[in-house]
Amino acid sequence: MCTDLSDQTPAEAYISFGIETSAYQRQRMKVSASAAITLSIGLILGGCELLNDVTSPDPGSTDTIVFSSHIQPLFDTHCTGCHSGETADAGLRFDSWSNTMLGSKHGEAVIPYAAGHSLMIRLVTDLPGDPHPVNEGNEGLSAAEVALLERWIDEGALDDDGTVPFADSNDLLYVCNRDEASISVIDTKAKLVIRRLDLVKLGFTENAAPYDVVVEPGGEQWYVSLAGDNAVLKFSRANELVAQAAVTFPGLLALHPTNGILYAGRALNSAQAPASIVAIRRSDMFVDEIPVVFSRPHALAVRPQGDVVFSAGFDVDQLMAIQSGTSSVTFTPITGPLHSMGHFAISPDGNWMWGSGWASSLMTLFDISNPQAVQQRQSIPVAADPRQAAILPNSSALYISGNQDDVVTVVDFSSTQVRKVISGNGMSEPNGIAVTGDNRFVFVSNANTAGGYIPRYDFRDNDRTGTVVVIDTAIDEIVKVIEVGKRASGLGMKPGAIGF
Ligand code: HEC
């Protein structure tokens, strides 16, 4: 009877989405919700106490969880024997609130507002066989203690004074988990997942298929295209949905530097995608269509000067140069084998553009210094299915995700020679790619749809977990593997986010 408690704990009722600005409202909602739960858990615990099943404050006895009174004692009883000090197992310390938030040497233990996706909860409940720490030979947590931990995390994993972990994060990376309608938010400095935004909880479908993200320069707003739900959403920095636009099969996104427009190409999930680019006014999400003749315009980039937007047909190798602020498009045929340009990367000076040929496995260079007369230059062979490319802010190198070969190719920018081919644990169907403003780190999302990467813990439902690998550009090696959601795809970094 008592061991069934976890099944009866309506932890879902507390799940929120990292919407910090409405913390006050949520706090108020919580009070009434927890009153009801207090009652039910209290009643059940009444029977269990006789069996000495409860060792820590029971969640039924408190409306407000105070970290130092309710959570730290639970850690002290069950966890800090192994998880404290310099020699903590997995480098994970539960000896203070701030150490808990630093996570292990691998990643976060807690994702605020997302208990169900927090390793701390999954390890102590979902490991097949004896759940951790029982499988480490120690007494496990009671169902009531797990419920308390879950509640604390779902309420934001607050410190005693109400501090929300990473609420002030300035260095943010948003990763689309395409096959589970969610977005993982990573702090690029801490290199941890700090939020997990569930689109289904916001009313979108399981097939919403988030495709790409762009972030305003100041980070105050960010946008995501939902290829499955035919929408482009606008979020605040606090992850509140503020507006949306109806767009058929939206794909890659690009921000204009000055005129307030967000451009969207088309995703590839339908051959019927309209032959047009979408220009969305960011202030009110008003949608305008720019006809481009050729189907499925996929690659998309705005010249930093703001004068021209580039795209290309996916089915026909035509480069499109759209005069910004107008619907005037110039077409230039792209020569060579069928490339199917999937992605464009423009150098910071606006003079060069590299196009990823998803069909040709070639990277093709364009001289765009005079955008009215684009010159196609050389093509260089790279790993199969080059998805996306990112140029370091100092223009020293180009990093290209090679989806089929599970590698990232590094190309020296000025010599256009391949400098290194990076592979390793965590790299499995690499896709989206972004570089930090300090030139130090490259973040690469990995779809892992075939399960080439095996997650650290086997929860029986996570064998296709996507990753974000972090490459240190000083050594061009993978220095961290961050586990995110299923089919990690497009990603967007706050401009200038740093990795140190
Ligand atoms: C008897 C020692 C022991 C106790 C007690 C213990 N752990 Fe662990 N814990 C470990 C070890 C060892 C690892 C590393 C396991 C591995 O790498 O497979 C670990 C790993 C973890 C991880 C995963 C870290 C990562 O990123 O890989 C989490 C989360 C965790 N423990 C949570 C807890 C919690 C919560 C408690 C208390 C309720 C607890 N542990 C109690 C020994 C312990």
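Residues numbered from 1 in each chain as written. Predicted model: local features only at pLDDT ≥ 70, side-chain atom pairs only at ≥ 80, totals over all residues.

A. Spotlight on the overall build of the protein chain. Counting its secondary structure elements, the protein chain contains six helices and 28 strands. For the protein chain, with 500 residues in total, the buried portion stands at 50%. The contacts of the protein chain with a sequence gap of at least 6 include a subset with a gap of at least 24, amounting to 51%. (Helix = DSSP H or I, 4+ residues; strand = E, 2+ residues; numbered from the N terminus. Buried ≥ 20, exposed ≤ 12 C-beta atoms within 10 Å, placed from the backbone. Contact = placed C-beta atoms within 7 Å.)

B. Expanded view of the sheet that holds strand β16 (residues 341-346). Read from one edge to the other, the open sheet built from four strands follows the order β16-β17-β18-β19, with strand pairing classed as antiparallel. Two strands close off the open sheet at either side, each with one partner strand: β16 and β19 (375-381). Direction aside, neighbouring strands of the sheet carry axes that sit 25° apart on average. Bridge analysis of strand β18 (residues 362-367) against β19 gives five bridges, and the strand direction is antiparallel. Looking at the pairing, Phe366 lines up with Gln376 of β19. (Pairing = 2+ DSSP bridges. Axes fitted to C-alpha atoms, helices over the stretch in contact; angles between N-to-C directions.)

C. Summary view of the pairing of β16. The buried fraction of β16 amounts to six of the six residues, a majority that puts the element mostly inside the structure. Two strands pair when backbone bridges link them, and β16 and strand β17 (residues 352-357) are joined in this way by five bridges, in the antiparallel orientation. Looking at β17, one finds that Met341 is bridged to Gly357. Adjacent in sequence and paired antiparallel, β16 and β17 are bridged by five residues, among which Gly350 carries a positive phi angle near 75°.

D. Inspection of the environment of Asp161 at higher detail. Assignment of secondary structure puts Asp161 in the loop between α6 (143-154) and β1 (172-177). Here Asp161 falls in the exposed class, since 8 other C-beta atoms lie within 10 Å of it. Residues Asp161 and Val66 lie 95 residues apart in sequence; the distance between their C-alpha atoms is 8.6 Å.

E. Representation of the site of the ligand within the structure. For the ligand, the set of nearby residues contains 23 residues, the closest of which are Cys79, Cys82, Ser104, Pro133 and Glu136. Residues belonging to the shell around the ligand are distributed by class as follows: eleven nonpolar, nine polar and three charged. (Near = placed C-beta within 6 Å. Nonpolar A, V, L, I, M, F, W, Y, C, P; charged D, E, K, R; others polar.)

F. Structural context of the pairing of strand β20 (residues 386-391). Of all the six residues making up β20, six are buried; the element is thus mostly covered by neighbouring parts of the structure. Alignment of β20 against strand β21 (residues 397-402), held across four bridges, turns out to be antiparallel. Bridge assignment links Ala389 to a residue of β21, and that residue is Ile400. In sequence, β20 turns back onto β21 through a hairpin of five residues, with Ser395 there showing a positive phi of about 55°.

G. Looking closely at the packing of helix α3 (residues 67-78) against α6. Look at α3 against α6: their axes get within 11 Å of each other, and the N-to-C directions meet at 125°. Taken as axis vectors, α3 and α6 run oblique relative to one another. α6 is crossed by α3, and the crossing has left-handed handedness. Of the residues in α6, those in contact with His70, Ile71 and Leu74 of α3 are Glu145, Leu148, Leu149 and Trp152. Class assignment of the residues belonging to the contact of α3 with α6 gives a composition of five nonpolar, one polar and one charged. (Parallel < 35°, antiparallel > 145°, perpendicular 65-115°, else oblique. Left-handed = near helix turned anticlockwise from the far one by under 90°.)

H. Representation of the nonpolar core. Tyr263 and Tyr399 are the most contacted members of the largest nonpolar core, which totals 134 residues. If one sorts the elements of this core by residue count, α6 sits on top with eight residues. Beyond its immediate chain neighbours, meaning those up to four positions away, Tyr263 contacts Leu253, Ala254, His256, Ile277, Val278, Ala279, Leu300, Val302 and Val309. (Core = buried A, V, L, I, M, F, W, Y, C linked by C-beta atoms within 7 Å.)

I. Geometry of the environment of Tyr399. With respect to the secondary-structure elements, Tyr399 resides in strand β21. Residue class for Tyr399 comes out buried when judged on the 27 C-beta atoms lying within 10 Å of it. Once the C-alpha coordinates of Tyr399 and Val444 are considered, the two residues, 45 residues apart in sequence, prove to be 9.6 Å apart. In this view, Tyr399 contacts Ala389, Ala390, Val408, Val410, Ile433, Val435 and Val442; residues no more than four positions away in its chain are not counted.

J. Focus on α6. Counted at 1.5 Å a residue, the expected span for α6 with its twelve residues is 16 Å, and the 16 Å between its end C-alpha atoms agrees. Taken residue by residue, α6 has Ala143, Ala144, Glu145, Val146, Ala147, Leu148, Leu149, Glu150, Arg151, Trp152, Ile153 and Asp154 as its buried positions. Of the residues trailing α6, Gly156 is marked for its positive phi of about 115°. (Expected span 1.5 Å × (residues − 1).)

K. Focus on the environment of Asn370. Secondary-structure assignment places Asn370 in the loop between β18 and β19. Classification of Asn370 as exposed rests on a count of 9 C-beta atoms within 10 Å. As a C-alpha pair, Asn370 and Trp352 span 18 residues in sequence and 10.0 Å in three-dimensional space.

L. Here's a closer look at the sheet that holds strand β2 (residues 182-187). One open sheet accounts for four strands, arranged β3-β2-β1-β28; its pairing is antiparallel. The open sheet terminates on both sides in strands that have one partner only, identified here as β3 (192-198) and β28 (488-493). Each strand of the sheet is rotated relative to its neighbour by a mean of 25°, with strand direction disregarded.

M. A look at unusual backbone geometry. In this structure, Pro133 follows His132 across a cis peptide bond, with omega equal to 5°. Despite not being glycine, Ser361 shows a phi value in the positive range, around 55°. Mapped onto the elements of the fold, Ser361 is located in the loop between β17 and β18. With a phi angle near 55°, Arg487 is a residue other than glycine that sits in the positive phi range. Take Arg487: it is sitting in the loop between β27 (477-486) and β28.

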